[in-house]
Amino acid sequence: MTTTSPDELTARQIYEDNLRYFEGCARLYDLSNPAEWNLFERSMLRHDLALMGRLMEGREPVRVLDVGAGTGRVALPLARRGWQVLALDLSEAMLQMAQGKARRAGLHDRLQGLCVEAAGFLRNCPTQFDVIVFSSVLHHLPQYVQDAGRACELLAPGGVMYITHEPQLRTAPVDTLGMKVVLEVDRALRLGQQIRKHIPRLLHHWPKPPTYPNTDYHFELGCDREAIEAELGRQGLQVLHRRLYKPRNTALMAWLDSTLFRTPNWHFRLVAQKGQEEG
């Protein structure tokens, strides 16, 4: 299946909807996205970070670009390794959350925030990086394959690209009986998390963040993993690790659906390395 790119007007609307959404939801983002923080997701993230650590052995310093860093889910663990992280995000509110965490953890000197649109930065950045991260961000970008390709050009020889928590192209409808059962059980198990999310919102009188039609522009169809991998290959990268999994709201259902139920429509994560230049 070929990947379609939105026209210029739609691309601008995607950017504006994402900006408005993430500016409005920053304070509740971590509590509202348990699929990125549960134990099953954390175990996969630890595995990926350990692999990247082995690939970066002997490099000093390690320069990281986290595209769409959000509240620092990946940026902070990388900073804890002593790596220098440039956290990129279009939302100043999301960056403030990440930088606040960095200050409290004593990592403020290792994490720099930059509020800018990803595509423009990737086109014009003159700096090379040893690690470039896209964590749950490609499906928000109008032209995600092209942006991944531009990021490859910013990788230093031997550098690593990390893409995680992205939806793969859908292979079946989401309203099958098996999917409905899994999603309903997952939703029921998440009740405690939902209560925990709403308590601070009610105590602080924070409004419920509105939704916008183009925030997750590529999510419903999914991202074309094969097209992304082909673009990485054209740019001289080799995929060293690939994993397909189900990103449920609770760790139990994420693990069960990934290993036992195996309902349709998967998410993916990749670790790819750029070749070393000869000489």
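Not measured: the values here are computed from a predicted model.

Colleague: Explain the nonpolar core to me, please; I cannot follow it from the model alone.
Modeller: Across soluble globular proteins, you tend to see nonpolar side chains buried next to one another. Of all hydrophobic cores here, the largest spans 29 residues; its most connected members are Leu65, Ile132, Phe134, Met161, Ile163, Ile228 and Leu232. Listed by contribution, the elements that provide at least two residues to this core are strand 1 (63-67), strand 2 (84-89), helix 6 (118-124), strand 4 (129-135), helix 7 (144-153), strand 5 (155-167), helix 10 (225-234) and strand 7 (267-274). Tallying contributions element by element places helix 7 first for this core, with four residues. Not counting chain neighbours up to four residues away, the residues in contact with Ile163 comprise Phe134, Leu138, Ile228, Leu232, Phe268, Arg269 and Leu270. Among the nonpolar cores identified, the runner-up in size contains 25 residues, and Val74, Ala79, Leu107 and Val131 belong to it.

Colleague: Just checking my understanding: could you explain the packing of aromatic side chains for this structure?
Modeller: Think of a pair of aromatic rings as described by two things: how far the centres are apart, and how the planes are tilted against each other in angle. Counted by the stated rule, this structure contains two aromatic pairs. Members of the aromatic cluster, joined through ring pairs, are Tyr21, Phe22 and Tyr29. In this structure, Arg81 packs its charged tip against the face of Trp83, placed 5.7 Å from the ring centre. It is Lys246 that lies over the ring of Trp266; its NZ or CZ is 5.0 Å from the centre.

Colleague: Whenever I open this one, helix 3 (residues 39-55) confuses me. Can you help?
Modeller: One full turn of an α-helix is made of 3.6 residues, so residues set three or four places apart face in the same direction. Here helix 3 spans 24 Å end to end across 17 residues, near enough to the 24 Å set by a 1.5 Å rise per residue. Inspection of helix 3 places Phe40, Glu41, Met44, Leu45, Asp48, Leu49, Leu51, Met52 and Gly53 among the buried residues, and these make up the whole buried set. In this structure, the buried side of helix 3 is in contact with helix 4 (75-80), strand 4, strand 5, strand 6 (237-245), helix 11 (251-261) and strand 7. The opening residue of helix 3 is Asn38, an N-cap whose side-chain oxygen sits 3.2 Å from the backbone nitrogen of Phe40.

Colleague: It is not clear to me how a nonpolar patch on the surface should be interpreted in this structure. Could you clarify?
Modeller: On the surface, a nonpolar cluster with roughly 590 Å² of combined accessible area is contributed by Leu177, Val181, Val185, Leu189, Leu252 and Trp255. Where the nonpolar patch is concerned, the elements lending two or more residues are helix 8 (177-189) and helix 11. If one sorts the elements of the nonpolar patch by residue count, helix 8 sits on top with four residues. Along the chain, Trp255 turns up in helix 11.

Colleague: Would you mind going over the pairing of strand 2 with me for this structure?
Modeller: Within a regular strand, the side chains alternate between the two sheet faces. Counting buried positions along strand 2 yields five of six residues, so the element is predominantly enclosed. Of the pairings in the sheet, the one linking strand 1 to strand 2 comprises five bridges and is parallel in character. Counted as the bridge partner of Leu65 is Leu86 from strand 2. Where the polypeptide runs from strand 1 across helix 4 and back to strand 2, its parallel neighbour, the crossover connection is right-handed. When strand 2 meets strand 3 (residues 111-115), the two strands line up parallel, connected through five bridges. Opposite Leu86, over in strand 3, you have Gln112 as the bridge partner. For the handedness criterion, the β-α-β arrangement of strand 2, helix 5 (residues 92-104) and strand 3 is classed as right-handed.

Procedures and definitions
Residues numbered from 1 in each chain as written. Predicted model: local features only at pLDDT ≥ 70, side-chain atom pairs only at ≥ 80, totals over all residues. Heavy atoms only, no water. Core = buried A, V, L, I, M, F, W, Y, C linked by side-chain atoms within 4.5 Å. Buried < 20%, exposed > 50% of the residue type's maximum accessible area, 1.4 Å probe, protein only. Helix = DSSP H or I, 4+ residues; strand = E, 2+ residues; numbered from the N terminus. Contact = heavy atoms within 4.5 Å. Phe/Tyr/Trp six-rings, centres within 6.5 Å; stacked < 30°, edge-to-face > 60°. Lys NZ or Arg CZ within 6 Å of the ring centre and 35° of its normal. Expected span 1.5 Å × (residues − 1). Polar contact = N/O pair within 3.5 Å; in protein donor to acceptor, adjacent residues only side chain to side chain. Patch = residues over 30% accessible without salt bridge, like charges linked within 9 Å, V, L, I, M, F, W, Y side chains within 5 Å. Areas by Shrake-Rupley, 256 points an atom, 1.4 Å probe, with all protein chains shown as cover. Salt bridge = Lys/Arg side-chain N within 4 Å of Asp/Glu carboxyl O. Pairing = 2+ DSSP bridges. Right-handed = clockwise from strand over helix to strand, strands pointing away.

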